[in-house]
Amino acid sequence: MKSFSRHISLALLLGTLAIAAPAQAQEFRAGFVNTDRIFREANTAKAAQAKLEQEFSRREKELLDMGNTLKTASEKFEREAPTMAESQRTTRQRQLVDQDREFQRKRREFQEDLTARKNEELSQVLERANKVVKQVAEAEKYDVILQEAVYINPKHDITDKVIKALNAAAGVK
């Protein structure tokens, strides 16, 4: 509902601006930026992704190894359980449950840490991108730049310009 009212407000604003623009005898220029493409294609976004992969690759490998070890131990238990004494079977079953609980906890912590870091990195990329969008908009005299829309005519899409400017700015630093 909030999104719907935001779209209605935006449509009213654009309609008012479009009506008012001819009265002021100046051209109204609107542009669109696809932030998903920026996150996929801009060098700063690719660098952030590589940084995250490097930062979390060791923990991810540890989790994979732990999961494989747990799977192997569980399969071994399933094979050997019929021939075990009841007390031994119960003990091994408890150990497997404890190992699984520890594995699930570590996996959850990993996901939470990865999500938090990803959000940090992407917010930095978005902050830089928004600065570049503003620079492009001012340089090319756009009145409004949209980041979300149901439909945009491709001639109004300035994403390529923003990605090029963002990559150029990242190369300078």
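Structure shown above.
Every value quoted in this text rests on a predicted model; they were computed, and no experiment measured them.

**Remarks on the overall build of the protein**
When you go through the protein residue by residue, the secondary structure sums to 5 helices and 2 strands. A burial count over the protein gives 22% of its 173 residues as buried. Taking the contacts inside the protein whose residues are at least 6 apart along the sequence as the reference set, 77% of them involve residues at least 24 apart. Here the protein has roughly 12,400 Å² of accessible surface; of this, 53% comes from carbon and sulfur atoms.

**Brief notes about the packing of aromatic side chains**
Per the counting criterion, the structure on display carries 1 aromatic pair. Against the face of Tyr142 rests Arg29, its NZ or CZ located 4.2 Å from the ring centre.

**Observations regarding the nonpolar core**
Core analysis: the largest hydrophobic core is formed by 16 residues, its most contacted members being Val33, Ile38, Ala42, Val132, Ile158, Val162 and Leu166. Looking at this core, the elements that each hand over two or more residues are α3 (43–80), α4 (86–139) and α5 (159–172). With 6 residues, α4 is the single largest residue contributor to this core. In this structure, Val33 is in contact with Ile38, Val133, Ile145, Leu146, Gln147, Ile158, Thr159 and Val162, ignoring residues within four places of it in sequence.

**Digging into α3**
For α3, built from 38 residues, the straight-helix expectation of 56 Å at 1.5 Å per residue is met to within 8% by its first-to-last C-alpha distance of 53 Å. In the structure, α3 departs most strongly from a straight axis at Phe56, where the bend amounts to approximately 45 degrees.

**Description of α4**
With 54 residues, α4 extends 78 Å between its outermost C-alpha atoms, agreeing within 8% with the 80 Å of an ideal straight helix rising 1.5 Å per residue. Those residues of α4 lying buried are Leu96, Phe103, Phe110, Arg117, Glu121, Val125, Ala129, Val132, Val133, Val136 and Ala137. Residue Lys141 follows α4 closely and has a positive phi angle near 55 degrees.

**What about the packing of α3 against α4?**
Taken N-terminus to C-terminus, the directions of α3 and α4 make an angle of 170 degrees; their axes are 10 Å apart at the nearest point. Taken together, the axes of α3 and α4 are roughly antiparallel relative to one another.

**Digging into the environment of Phe56**
Note that Phe56 resides in helix α3. Residue Phe56 is classed as buried on the basis of its relative accessible area of 6%. Once the C-alpha coordinates of Phe56 and Arg117 are considered, the two residues, 61 residues apart in sequence, prove to be 9.8 Å apart. Setting aside its immediate chain neighbours within four residues, Phe56 contacts Phe110, Asp113, Leu114 and Arg117.

**Some words on unusual backbone geometry**
Although it is not a glycine, Lys141 sits at a positive phi angle of roughly 55 degrees. By the element assignment, Lys141 lies in the loop between α4 and β2 (144–146). Take Lys141: its relative accessible area is 63%, and that puts it in the exposed class.

**Some points on the side chain of Arg37**
Residue placement: Arg37 occurs in helix α2 (residues 35–41). Overall, Arg37 belongs to the buried group, its relative accessible area being 17%. A polar side-chain atom of Arg37 sits 2.3 Å from a polar atom in the side chain of Asp160. The contact partners of Arg37, leaving out residues within four places of it in the chain, are Ala42, Asp157, Thr159, Asp160 and Ile163.

What counts, and at which threshold
Residues numbered from 1 in each chain as written. Predicted model: local features only at pLDDT ≥ 70, side-chain atom pairs only at ≥ 80, totals over all residues. Heavy atoms only, no water. Helix = DSSP H or I, 4+ residues; strand = E, 2+ residues; numbered from the N terminus. Buried < 20%, exposed > 50% of the residue type's maximum accessible area, 1.4 Å probe, protein only. Contact = heavy atoms within 4.5 Å. Areas by Shrake-Rupley, 256 points an atom, 1.4 Å probe, with all protein chains shown as cover. Phe/Tyr/Trp six-rings, centres within 6.5 Å; stacked < 30°, edge-to-face > 60°. Lys NZ or Arg CZ within 6 Å of the ring centre and 35° of its normal. Core = buried A, V, L, I, M, F, W, Y, C linked by side-chain atoms within 4.5 Å. Expected span 1.5 Å × (residues − 1). Bend = angle between axes of the 7 residues up to and from the residue. Axes fitted to C-alpha atoms, helices over the stretch in contact; angles between N-to-C directions. Parallel < 35°, antiparallel > 145°, perpendicular 65-115°, else oblique. Polar contact = N/O pair within 3.5 Å; in protein donor to acceptor, adjacent residues only side chain to side chain.

All we've got here are geometric facts, nothing functional implied.
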